[in-house]
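So the chains spell out like this:
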Amino acid sequence: MSGKKKLIILLGPPGAGKGTQAKKISREFDLVHISTGDILRNEVRDGTELGSKVKEIMNAGDLVPDELVGEIVRSCIEKHSSAAGFILDGYPRNVTQAEFLMCIADGWPVYAVCIRVEEETLVKRLTGRRYCPGCGKIYNVYFSPPSTEGICDACGTELVQRRDDREEVIAERLRVYHEQTRPVIDYFSSLGRYFEIDGSKSVPHVAQALSELVGVIEK
Ligand code: AP5
């Protein structure tokens, strides 16, 4: 792939706020947002062949095979060949995926930013998350509830909980994160391309910290 594009990776455990922050940063810095979790969930929702392959794996909180996710990321990047850059949320999830990404990004500046949050807060954020199947808006019963319980403010659709946001699945997702995704931090750290921000504060506070960091990276 030709031309230098900036590639920012948001790392962090489930519930750290990667998706929430990636949406904001993509708008602010005109970066294409690639969320492998959202893309896979859409495949499951639409009942595609890929969706049927990954449904049970996702419901159990385990990782989808590297080849399937790698292909998704590669084709997204190819599809947006004129973009100034990308913000990745949920990819890479292990060192194999990180190495694959560095091959695709042949020579582009790549930076990884980890959003750090304590486990107790993560569990509350995940068990409290609800989403609107109509318009995709995300709520949290503890931190950002809708004005009418269980109903989307934007389109009036009934809110639902992600299947992998049940407590037993959250425990497995956190286990997988510690075992497979944390080594990705060492990988980018050893390349001198790693940053951290405190994700425990409110959404606007975290957004401000991330925006300032990305602004510095941009220069
Ligand atoms: P994915 O969708 O990537 O899930 P995840 O990494 O577990 O992350 P989450 O979406 O749960 O959390 P987040 O950090 O984005 O937080 P969010 O902003 O939503 O992956 C799901 C599954 O897909 C995986 O388990 C796997 O099976 C598969 N998969 C995906 N990518 C893969 C890959 N590369 N390889 C293999 N398999 C893959 O926020 C969470 C909640 O907290 C929301 O309610 C939000 O409103 C709230 N919140 C956010 N920030 C704050 C804040 N600062 N204060 C208060 N509340 C907040």
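Our subject is the structure that appears above.
Everything quoted here is computed from the prediction, not taken from an experiment.

How each quantity is defined
- Here the residue index of a chain counts from 1 through its sequence in written order.
- This being a predicted model, a pLDDT of at least 70 is required before a residue's local features are given, and a value of 80 or more before pairs of side-chain atoms are given or counted; all residues contribute to the totals for chains, interfaces and linings.
- The basis for every side-chain value is the complete set of heavy atoms in the structure, and neither hydrogens nor water enter the calculation.
- At least two DSSP bridges between two strands are needed for those strands to be called paired.
- Under the DSSP-based scheme used, a helix requires at least four consecutive residues in state H or I and a strand at least two consecutive residues in state E, with every element numbered from the N terminus.
- Helix axes are fitted only over the stretch in contact, all axes being lines through C-alpha atoms; the angle between N-to-C directions runs from 0 to 180 degrees.
- The criterion used for residue contact is that any of the two residues' heavy atoms lie within 4.5 Å.
- Just to be clear on terms, a salt bridge is a Lys or Arg side-chain nitrogen sitting within 4 Å of an Asp or Glu carboxyl oxygen.
- Working definition: with a 1.4 Å probe on protein chains only, accessible area under 20% of the residue-type maximum means buried, over 50% means exposed, and in between means partly exposed.
- Residues belong to a common nonpolar core when they are buried Ala, Val, Leu, Ile, Met, Phe, Trp, Tyr or Cys residues joined through side-chain atoms within 4.5 Å.

Engineer: Any details on the sheet that holds strand β2 (residues 32–35)? Residues and values, ideally.
Structural biologist: Read from one edge of the open sheet, 5 strands run β2-β3-β1-β4-β7, paired in parallel fashion. The open sheet has two free edges, formed respectively by β2 and β7 (194–198), since each of these has just one partner strand. On average, adjacent strands in this sheet sit at an angle of 20° to one another, irrespective of strand direction. Of the strands in this sheet, β2 and β3 (85–89) are in contact with helix α2 (residues 36–45), which crosses β2 at around 60°.

Engineer: How would you sum up the pattern of salt bridges? Please name residues and give values.
Structural biologist: Taken as a whole and assessed by the stated rule, the structure comprises 12 salt bridges. For D165, the salt bridge identified is with R173, shortest N-O distance 2.9 Å. Between D198 and K201 there is a salt bridge; the shortest N-O distance is 3.0 Å. Taking relative accessible area as the criterion, D198 reaches 39% and is therefore assigned partly exposed. Each of R129, R162, D164, D165 and R173 takes part in a single network of salt bridges with overlapping partners.

Engineer: Lay out the nonpolar core with the relevant residues and their values.
Structural biologist: Core analysis: the biggest nonpolar cluster contains 33 residues, and L7, I77, F86 and F188 have the highest contact counts within it. Elements that contribute at least two residues to this core include exactly β1 (6–11), β2, α3 (49–60), α4 (66–79), β3, α5 (95–104), β4 (110–116) and α7 (167–190). Beyond its immediate sequence surroundings of up to four residues, F188 is in contact with I9, P92, A98, M102, V110, A112, R193 and Y194.

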